[in-house]
Amino acid sequence: MTPGSNVETKTAALRPRANTETAALPQRLHGLRALAGHRAIWPLLALALILAVDGAISPGFFNVRIVEGRLFGNLIDILYRAMPTAVVALGMAVVIGTKGIDLSVGSVIAIVGAVITWRIHSGDPHLVVLMAALAVGVLCGLWNGFLVAVLDIQPIIATLILMVSGRGIGLMINLLYGGTNPSFTSPLLQGLSVGHIGLVPTRIILGAAIFGALWLLIRRTALGLFLESVGGNAAAADLAGINARLIKYAAYVICGLCAAWAGVVLAADTHTSDPVSIGLYIELDAILAVVIGGGSLSGGRIYLGMTVLGALIIQALTTSILTSGLPPEYNLVVKAFVVIVVLLLQSDNLRAALSKGFTGRKR
Amino acid sequence: MLGVSKAFPGVRALDCVDFRVQAGEVHALMGENGAGKSTLIKIMTGAVRRDEGEIRIDGRPVEINSPGEARALGVGTVYQEVNLIPTMSVTRNLTLGRQPRRFGLISWRTARSLARERLKRLRIDIDVERPLGSFSLAVQQLVAIARALEDDTRVLVLDEPTASLDADEAELLFQIVRDLKGRGIAIVFITHFLDQVYKIADRISVLRNGRLVGEGATAELPRLKLISLMLGRELEETEERLEALPHGAKGEPILRAEGLGRRRVMAPFDLTLRPGEVVGLAGLLGSGRTEVAKLIFGAIRPDSGRIEVGGARIASHSPGQSLRHGMAFCPEDRKAEGIFAELSVRENIVLGLQTKRGWLSRLSYSEQERLAQEMIEALGIATPDADKPVGQLSGGNQQKVVLARSLVSGPSILILDEPTRGIDVGAHAEIVTLIRKLCAEGLALLVASSELDELIAVSDRIAVLRDRRMIGEIGSGDVTRETIIRTIAGARS
C-alpha cells in the first residue's frame with residue numbers, strides 16, 4: 001500500500017474493482033480476462049461453488065420438473081424463497097448507497113401484514129387492500145426519510161425507532177378487531193405470492209419486474225447518480241446543487257415500497273397477520289446481500305444486480321444446508337462462514353496478497 | 001527557543017527559528033498558511049519533537065518530549081478547535097484525566113469545587129454541572145483556557161482563540177488575557193485577525209516558509225510592514241503588470257450583491273460583476289475570501305442582504321438555485337467538498353450539467369461520454385479513460401475534474417475558490433490561460449486566491465478583505481501588489 005493511496009485502498013478494501021452498471025458491458029466482457037476483472041465474478045463463482053457442492057452431495061439437485069402445471073425443483077425453490085429478501089435488499093442497496101441504512105424493513109413487513117389482514121376483515125376490495133399495503137410502505141419510508149433528512153438523526157438510530165415500534169403497531173392493528181394472529185384468504189394476494197403464471201411462480205416474475213423497474217429508475221434517470229453523489233460526498237453534493245434532503249427521502253421511500261411488497265408476499269404466504277415473527281431478521285439478510293454484492297456501508301455506490309446475486313447466495317446456502325442432511329442447527333454458523341469467505345474474496349487487498357504469496361497458482 | 005528546526009518528509013517546516021517570549025507579555029505569532037506557526041507551537045507544547053535547537057525556560061535548557069512534560073514545565077495550550085467534549089459537563093471537562101480520587105473512586109464533590117476554583121481564576125461564574133455544549137462558544141473557549149491554566153502555568157499558548165467568536169465575545173476574551181498578563185503569565189497568541197493583534201499584542205514574531213522573518217514591539221511594526229513581511233515582498237520592489245489584459249467589463253452587471261452577509265461569518269458587503277470581467281478576492285488567510293465566495297453561491301446562507309443575477313433577485317438562496325441562475329462554483333477543498341472519489345471521471349464531470357437538468361432528463365451515455373471527453377481534452381486531464389474513479393487520479397487532475405464540472409453546466413458566472421491550490425506549475429499556467437480565455441468569451445469570474453501574483457495576473461478589479469470585512473476595492477489599472485498590500489494594511493495610497 002503506497003502512502004498516497006490510503007483513502008482509495010480503504011474504501012476499496014471490501015469492494016470489487018468496479019465501474020457503473022451503465023458502463024459499456026459488451027467491450028468489458030471481451031474474453032475471459034475481462035470477465036475475471038469484472039466485479040460479478042467472485043460472487044458468481046461462490047454461487048456456482050455452493051451449487052456444485054449441492055450437486056455432488058445430493059444427485060438430482062439440479063432436476064427441474066413440471067408438477068401440477070408449474071416448475072418444480074431446487075433451483076426454482078431457491079429463486080422462489082429468495083425473492084422477498086432480494087426485493088428488500090434492492091431497497092436496502094439504494095439506502096446504503098446514500099450512506100444510510102434501514103433497519104425497519106422487517107417491521108414494515110409486519111405492519112403491512114397487519115394492515116392487509118385488517119382491511120380484508122373490514123371487507124375492502126382486495127385490490128384496494130393491495131394499494132393500501134403499498135401506501136403503508138411509502139408512509140413508513142417518508143417517516144424514516146423525515147427523521148434522517150430533516151431531523152438529521154443518524155440513519156441507524158432513526159430507522160431503529162420504526163424497527164422497534166413497527167411490530168408493536170402491527171399487534172395494535174390486530175387488536176382493532178380483536179384477533180390474535182388473525183388469518184385471511186384472498187385469491188388476489190395469494191395469487192401474487194404463491195400462485196404461478198404459466199409455469200413460473202408469480203413472485204419470481206414480479207420480483208424480476210421490480211428489479212427491472214428499479215433499474216430503469218436508478219440507471220435510466222439521473223436519480224442513481226444523485227443518490228450515489230449524496231452518499232459519496234454529502235458536502236460536495238450540496239455544492240454541486242443537489243437537494244440532498246429530497247434525494248434521501250426518495251431512497252427511504254423506495255426502500256419502504258420494496259419492504260411493503262415483501263410484506264404482501266410473506267403475509268399472503270402465511271395467510272395470517274403475525275407481527276411478532278413475520279420477516280424477522282430480514283433486515284440483516286438484506287444488508288448482508290448488499291454487502292456480498294459489493295456495496296459498501298460508507299455509501300457512494302449502488303449495485304442492483306449484484307445485490308440480487310447476494311440474496312441468491314444467502315438463500316442457496318440455506319437451501320443447501322437443509323438438503324445436504326446437515327442438522328439444521330448448523331445453518332447459521334455455516335452461513336456465517338461462507339459469507340465471510342465471499343467477502344474476503346472480494347477484497348482487493350487480499351487478492352493482491354494472495355497472488356503475491358502464491359505466484360503461479362490461480363485462485 | 002533558539003535555533004529550532006524541524007523537517008518533515010519533503011519539507012523543512014522550521015529552519016533555525018529563534019522565538020522569545022517574556023513573562024507578562026502578549027506575543028503574537030503571525031504567518032500565512034505553511035509558515036510554520038503550528039509546528040513551532042507543537043514543539044513548544046511537546047506534540048512534535050524538534051530536530052535541532054534548544055528550548056529554555058528562565059534561561060535553563062529543558063526537554064519537552066510530550067504534552068505532559070510541557071504542562072509540568074508550565075506551558076499550557078488552547079488549541080484552535082476547542083478540544084473539549086461538548087456533551088460532558090463543565091466539571092468533567094475541567095477535571096478529565098486528573099479527577100480527584102477518594103478511596104480509589106472519583107470524588108465528584110471535590111471535582112466540582114476544583115472546577116469552580118479553576119473558573120474563579122478567570123472570574124467566570126457558571127453552573128459547572130451543565131454540559132459544556134449548552135454554553136456559548138465564548139464561554140467554551142474560556143473553559144478551555146481554564147483547563148489549560150494551572151497554578152504554575154508560565155506560558156499560555158492560544159491558537160486562534162477568536163476564530164469563531166464575534167466582536168463582543170472576543171473583547172471578553174481579551175479582558176481575561178490582559179488579566180492573565182498582569183499576573184506575569186507569558187501569552188503566545190496566534191490569530192489571523194490583524195486588528196486583534198494591534199489591540200492586544202505587545203510584541204510580534206513573523207514566520208514565513210519556516211523562517212523567522214521579523215520580530216519587534218507591536219508599536220514599531222506598522223501594519224504595512226507586517227503584511228509585507230508575512231507575504232514576503234518588500235514594497236520597494238516595483239511591480240510590473242504581467243501584460244495588458246485583453247478583456248474588460250462589458251455592459252450592465254450580471255451579478256449584484258447588496259449588503260450580503262451572515263453574522264459571525266462575514267460582515268455585509270456589496271459586490272458587482274460584469275460579463276467578461278474578472279474580480280479577485282484578496283486578503284490574508286482567514287480574512288473571509290472563501291466566505292464571500294460561498295455566500296454569493298448560496299453555500300453559506302446569508303442572513304442579510306440580497307443578490308440579483310441578470311436583474312432577477314434570487315429569493316431562496318441555495319447552491320441549486322444559483323446553479324439554475326447560471327452560476328457555478330469550484331470549491332477550495334477538493335477532497336472534502338469537490339470530488340466524489342468513488343464515482344468515475346465521467347460521472348464527476350457530467351454531474352454539473354445533470355443537477356441543472358434535474359433527475360428526470362438524464363444525459364444519455366453517449367452524451368455523457370462526449371462531454372467528458374471534451375473536458376478531458378480541453379483541460380488536459382490525465383486519465384487513461386473517463387471511467388476511472390476520480391479518487392485514483394492525482395491531486396492536480398482532481399482539481400481539473402472539479403473545474404470541468406463547474407464548466408460543463410455552461411455558466412455565465414463562475415466562482416473559483418483557490419483554483420490553483422496544490423497544482424504543479426504547468427497545470428497552474430494552463431488554468432490561468434483558461435481563465436483568461438473564458439473571460440474573453442464573456443464569462444464573469446470571481447476568483448478568490450491567496451496567491452497575490454495570480455490574482456494580479458488575472459483580475460480586472462480586486463476586492464480586498466480583512467478580518468471578515470470587505471474593506472476596499474481596487475479598480476482597473478491600479479491593480480498592483482503594492483496597492484493591495486496597502487489596502488489590506490488600511491493605509492490608502
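Residues numbered from 1 in each chain as written. Chains lettered and ligands numbered in written order. Predicted model: local features only at pLDDT ≥ 70, side-chain atom pairs only at ≥ 80, totals over all residues.

### Observations regarding the interface of chain A and chain B
Moving on, step 1. Contacts between the two partners involve 27 residues from chain A, matched on the other side by 28 residues from chain B.
Moving on, step 2. Of all the secondary-structure elements, those providing two or more residues to the side of chain A that touches chain B are helix H1 (6-12), helix H11 (223-232) and helix H12 (234-239) of chain A.
Moving on, step 3. Sort the elements by how many residues they give to the side of chain A that touches chain B and H11 of chain A lands first, with six residues.
Moving on, step 4. Grouping the constituent residues of the side of chain A that touches chain B by class yields eleven nonpolar, eleven polar and five charged. (Contact = placed C-beta atoms within 7 Å. Helix = DSSP H or I, 4+ residues; strand = E, 2+ residues; numbered from the N terminus. Nonpolar A, V, L, I, M, F, W, Y, C, P; charged D, E, K, R; others polar.)

### Brief notes about the domain arrangement of chain B
All names here are of chain B.
Moving on, step 1. Along its sequence, chain B is organised into domain 1 (2-221) and domain 2 (255-489).
Moving on, step 2. Distance between the C-alpha centres of domain 1 and domain 2: 36 Å.
Moving on, step 3. If you look at the interface, domain 1 gives eight residues, while domain 2 gives nine residues.
Moving on, step 4. When the residues that make up the side of domain 1 that touches domain 2 are grouped by side-chain class, the tally is two nonpolar, three polar and three charged. (Domains from an automatic or database assignment.)

### So, the confidence of the model for chain B
It should be kept in mind that the predicted coordinates are not to be read in detail where pLDDT is low.
Residue and element names in this part refer to chain B.
Moving on, step 1. Of the residues in chain B, 90% have a pLDDT of 70 or more, and the chain-wide mean is 81.
Moving on, step 2. The secondary-structure element of chain B with the lowest mean pLDDT is strand E1 (residues 2-8), recorded at 58, while helix H9 (residues 289-297) shows the highest, at 91.
Moving on, step 3. The model gives residues 234-247 a pLDDT under 50, and that stretch makes 15 contacts with residues more than four places away or in other chains.
Moving on, step 4. If you check the scores for this complex, the pTM reads 0.72 and the ipTM reads 0.75. (pLDDT = per-residue confidence, 0-100.)

### Let's talk about the sheet that holds strand E12 (residues 211-217) of chain B
Residues and elements named next belong to chain B.
Moving on, step 1. Pairing is mixed across the open sheet formed by six strands, whose spatial order is E6-E9-E10-E3-E11-E12. Edge positions in the sheet fall to strand E6 (75-78) and E12, since each has one partner strand and no second. In this sheet, adjacent strand axes meet at a mean angle of 20° when their direction is disregarded.
Moving on, step 2. As paired elements, E6 and strand E9 (residues 155-159) share four bridges and run parallel to each other. Across the sheet, Thr 77 pairs through a bridge with Val 157, a residue of E9.
Moving on, step 3. Packing against the sheet, helix H1 (residues 37-44) makes contact with strand E3 (26-30), E6, E9, strand E10 (186-190) and strand E11 (203-208), and its axis sits at approximately 150° to E9.
Moving on, step 4. On top of the sheet, helix H8 (residues 223-231) reaches E3, E11 and E12; it is set at about 25° to E11, its chief contact. (Pairing = 2+ DSSP bridges. Axes fitted to C-alpha atoms, helices over the stretch in contact; angles between N-to-C directions.)

### Thoughts on the sheet that holds strand E16 (residues 304-309) of chain B
Residues and elements named next belong to chain B.
Moving on, step 1. With antiparallel pairing, four strands are arranged side by side in an open sheet as E14-E13-E16-E17. The sheet is open, and its two borders are formed by strand E14 (266-273) and strand E17 (312-313), each paired with just one other strand.
Moving on, step 2. Here five bridges tie strand E13 (residues 255-262) to E14, and the two strands are oriented antiparallel to one another. What sits directly across from Arg 262, in E14, is Met 266.

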